Amino acid sequence: MLKKQRAFLKWAGGKYSLVEPILSLLPKRADVLVEPFVGAGSVFLNSHYKKFILNDINPDLIALYQHLQQQPENLIAETQKLFTEKYNQEDAYYEIRKSFNQEKNSFNRSILFIYLNRHGYNGLCRYNLSGGFNVPFGRYVKAYFPEEEMRFFSQKSQNAEFTCVDFETCMSSAPKGAVIYCDPPYVSLSDTAKFTQYAAKGFSAADQQRLADTAHHLADKQLNNVLISNHDTPQSQQLYRHAKVSKHKVARMISRDTLKRNAVNEVLALYKVKR
């Protein structure tokens, strides 16, 4: 049985629970795995390719990963200072959130980003239209400091290249034969269930279509196998009509009301190069 590695970031929609079916669909013979929406990196952390190209449109996330790759000991030591009872208070959280939104230095922002991720509500990463991080205080009895997970990420990332570009740019520049796994902000299950604004610009229906079209094009031109995950909805069924689609049940963990955290269907859409 696969012993899975957890990400050091909490992440709404993270793929820890879907690692096994995702890995079973990703071709093993490729040397490179490309992730245009890397998020917390659960697939990267649990796969075994020679090289990884890890992209996200969120510059705070990519800057954090680059700092952890290049100077892990310094980042870990400085971040740990904020994981005390003194800073696990509502007033302290909102002061640090304010400082994060004003901070220009990327290393300092990375420290504060980890703090906010572990002390904010339910692992959400959300920005307002002005680009300000606006996740509320999470009210945890004690915030977990993920030192071991950070060290594992840093070690594994020595074989990774990090980029911060639009997903289509990332996919189109992937090496021929590389495997591409896409975990985009999901199609909404309802008008009120929009928890996917992890970057200030959001992710539109047109972006969902552009992603499906790009995946179809790359496979059709025999350049790359592409796997996409999303909610199972009529919209996603239409989007991925050219792919081989499998369905999987996954527990929802975002709702404030624990009674509403029901399992929902997700799809894995595979665009496969024809041999």
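Residues numbered from 1 in each chain as written. Predicted model: local features only at pLDDT ≥ 70, side-chain atom pairs only at ≥ 80, totals over all residues. Heavy atoms only, no water.

Strand order in this open sheet of seven strands is β3-β2-β1-β4-β5-β7-β6, and the pairing throughout is mixed. Across the chains shown, the open sheet's two edge strands, defined by having one partner strand only, are β3 (160–163) and β6 (244–251). Strand-to-strand twist across the sheet, computed as the mean angle between neighbouring axes with direction ignored, equals 20°. Here strand β2 (residues 51–55) runs beside β3; their pairing, made up of four bridges, is parallel. Bridge pairing links I53 to E161 in β3. (Pairing = 2+ DSSP bridges. Helix = DSSP H or I, 4+ residues; strand = E, 2+ residues; numbered from the N terminus. Axes fitted to C-alpha atoms, helices over the stretch in contact; angles between N-to-C directions.)

A few words on the domain arrangement of the protein. Here the protein is partitioned into domain 1 (18–57 + 165–271) and domain 2 (66–148). On a C-alpha basis, the centres of domain 1 and domain 2 stand 26 Å from each other. (Domains from an automatic or database assignment.)

Taken as a whole and assessed by the stated rule, the structure comprises 18 aromatic pairs. Measuring from ring centre to ring centre gives 5.4 Å for Y93 and F137, while their planes differ by 45°; the resulting arrangement is tilted. Of this pair, Y93 sits in helix α5 (residues 90–102) while F137 is found in the loop between α6 (106–119) and α7 (147–156), placing the two residues 44 residues apart along the sequence. For F137, a relative accessible area of 10% corresponds to the buried category. What links up through ring pairs into an aromatic cluster is the set F8, F44, Y49, F52, Y65, F153 and F162. (Phe/Tyr/Trp six-rings, centres within 6.5 Å; stacked < 30°, edge-to-face > 60°. Buried < 20%, exposed > 50% of the residue type's maximum accessible area, 1.4 Å probe, protein only.)

On to the packing of helix α4 (residues 72–80) against α7, then. Between two packed helices, the angle of one axis relative to the other and the distance separating the axes together describe the packing. Where α4 meets α7, the closest approach of the two axes is 11 Å, and the angle between their N-to-C directions is 160°. When the interaxial angle is binned, α4 and α7 end up roughly antiparallel. Crossing geometry of α4 relative to α7 is assigned as right-handed. For the pair α4 and α7, contact is made by P72, E73, L75, I76 and Q80 and by E147, M150, R151 and S154, respectively. Here the contact of α4 with α7 is built from residues that sort into four nonpolar, two polar and three charged. (Parallel < 35°, antiparallel > 145°, perpendicular 65-115°, else oblique. Left-handed = near helix turned anticlockwise from the far one by under 90°. Contact = heavy atoms within 4.5 Å. Nonpolar A, V, L, I, M, F, W, Y, C, P; charged D, E, K, R; others polar.)

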